[in-house]
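Examination of the molecular architecture
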Amino acid sequence: MEIETIKYRKERKMRLIIVRHGDPNYEIDSLTEKGWREAEFLSVRMEKQLQKEHTYIYTSPLGRAKDTASLTLKKLGMTATEFKWLREFEAPAIDEDTGTYKVCWDLLPARWTSEPAYYDKDQWMNTPFMKKAKADTESAWVYDGLDSLLKKHGYTRENGYYRAEHANRDTIVLFCHFGVECVMLGHLLSPVVLWHGTAAAPSSVTTLYTEERREGIASFRMQSFGDQSHLYAADEPASFAARFCETYDNKEERHD
């Protein structure tokens, strides 16, 4: 679906917010009772965090994402634009370990960690499993969709970064799914991801937990990074430390 060219104002703050749907009921492609409660709590946070005039909301076409977005949209009095490429990332193939179909974001740690290509942002899709799953085609579809959307908002991809052709302070909110979220983050961030692609603000909390899907084989998985919900709950603004100027013309924010 096409969207109109966006008008820009210098006082805006460019943000990209990716929201995974609430606890899912996959049988009816909606939310469980708990998922609806999560969506309500999320909408309270979003109502405080977002300015309607400068916010643009987009959703997956799948019910669980649209239902999650619906409560935020109701509070803000807004509508959302659907994009097919925001649907859950579908790239299944037969897994050698189990002999069953696996999606590419659900491989056993002992399998993917032993393959160097999976640590390369350009080569991960060239492994035998990913080739069978046609992950390159599916990824390209998501990359193109995301880059097209960002271009509408003034940021054009060039050599791995984005040229700010119309620097602005809009907020783009994407209600979608875990698999496609990871594909988008992989497209946006560089190999030196922790140093240059993330910023943990003062007092923020990062949480990892272990998964032991095979007895005696554990791996760590990050559940949240830089969470500042304690500040939102107290109406306390986040510190700007660890970050640099959002738009070049803002001389009050550090450049070097």
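Residues numbered from 1 in each chain as written. Predicted model: local features only at pLDDT ≥ 70, side-chain atom pairs only at ≥ 80, totals over all residues. Heavy atoms only, no water.

**Quick notes on helix 1 (residues 33-49)**
Quick reminder of the rule: Strands here are runs of E lasting at least two residues and helices are runs of H or I lasting at least four, both read from the DSSP assignment and numbered beginning at the N terminus. In a helix, the anticipated span is given by 1.5 Å times the number of residues less one. Burial classes: relative accessible area under 20% of the type maximum marks a residue as buried, over 50% as exposed, and values in between as partly exposed (1.4 Å probe, protein chains only). Relevant arc is that of directions from the helix axis to the C-beta atoms, nothing else.
Here helix 1 is 17 residues long and its end C-alpha atoms lie 25 Å apart, about the 24 Å a rise of 1.5 Å per residue gives. Taken residue by residue, helix 1 has Gly35, Ala39, Leu42, Ser43, Met46 and Gln49 as its buried positions. Buried residues of helix 1, viewed axially, fall in a sector of 125 degrees; they line one side. Of the exposed residues in helix 1, the ones pointing more than 90 degrees away from its buried face are Glu33, Phe41 and Lys48.

**Description of the nonpolar core**
What counts, and what does not: Residue types Ala, Val, Leu, Ile, Met, Phe, Trp, Tyr and Cys, when buried and joined through side-chain atoms within 4.5 Å, form a set referred to as a nonpolar core. By definition, residues are in contact when any of their heavy atoms lie within 4.5 Å.
If you look at the biggest cluster of nonpolar residues, it comprises 29 residues, and the most contacted ones within it are Trp85, Leu86, Phe129, Met130, Leu174 and Met184. For this core, the secondary-structure elements that each account for two or more residues are helix 4 (128-133), helix 5 (135-152), strand 10 (171-176) and helix 6 (178-188). Take this core: its biggest share by element is six residues, from helix 5. If we skip the residues at most four places from it in the chain, Trp85 touches Trp141, Val142, Gly145, Leu146, Leu149, Val180 and Met184. Formed by 12 residues, the second largest nonpolar core is a distinct cluster that contains Ile17, Leu42, Met46 and Leu50.

**Re the pairing of strand 4 (residues 55-59)**
To be explicit about the condition: Should DSSP find at least two bridges between two strands, the strands are taken to pair. When the strands point away from the viewer and the path from the first strand over the helix to the second turns clockwise, the crossover is right-handed.
With four of five residues buried, strand 4 lies mostly within the body of the structure. In this structure, strand 4 lies alongside strand 10, joined through five bridges in parallel fashion. In the strand pairing of strand 10, Thr59 is matched with Phe175. Sheet topology places strand 4 next to strand 5 (residues 81-82); two bridges connect them, and they run parallel. Across the sheet, residue Thr59 finds its bridge partner in strand 5, namely Glu82. Following the backbone out of strand 4, through helix 2 (residues 63-76) and into the adjacent parallel strand 5, one traces a crossover that is right-handed.

**Regarding helix 5**
Compared with an ideal rise of 1.5 Å per residue, which puts 18 residues at 26 Å, helix 5 spans 26 Å between its outermost C-alpha atoms and is within 8% of the ideal. If you check which residues of helix 5 are buried, you get Ala135, Glu138, Ser139, Val142, Tyr143, Gly145, Leu146, Asp147, Leu149 and Leu150. The inward-facing, buried residues of helix 5 abut strand 4, helix 4, strand 8 (155-158), strand 9 (161-164), strand 10 and helix 6. Within two residues after helix 5, Gly154 carries a phi angle of roughly 105 degrees, on the positive side.

**A few points about the packing of aromatic side chains**
Cut-off, in case you're wondering: Stacked, edge-to-face and tilted are the three classes for Phe, Tyr and Trp ring pairs, Trp counted by its six-membered ring, which pair at centre distances within 6.5 Å; planes under 30 degrees apart are stacked, over 60 edge-to-face, the rest tilted.
Under the criterion given, the structure shown has four aromatic pairs. A ring pair is formed by Phe83 and Trp85, whose centres lie 5.5 Å apart and whose planes are at 25 degrees; its orientation type is stacked. For Phe83, a relative accessible area of 8% gives the class buried. Pairing Trp112 with Tyr119 gives two aromatic rings, centres 5.8 Å apart and planes at 40 degrees, and the pair type is tilted. For Trp112, a relative accessible area of 33% corresponds to the partly exposed category.

Scope: geometric values only; no functional claims are made or implied.
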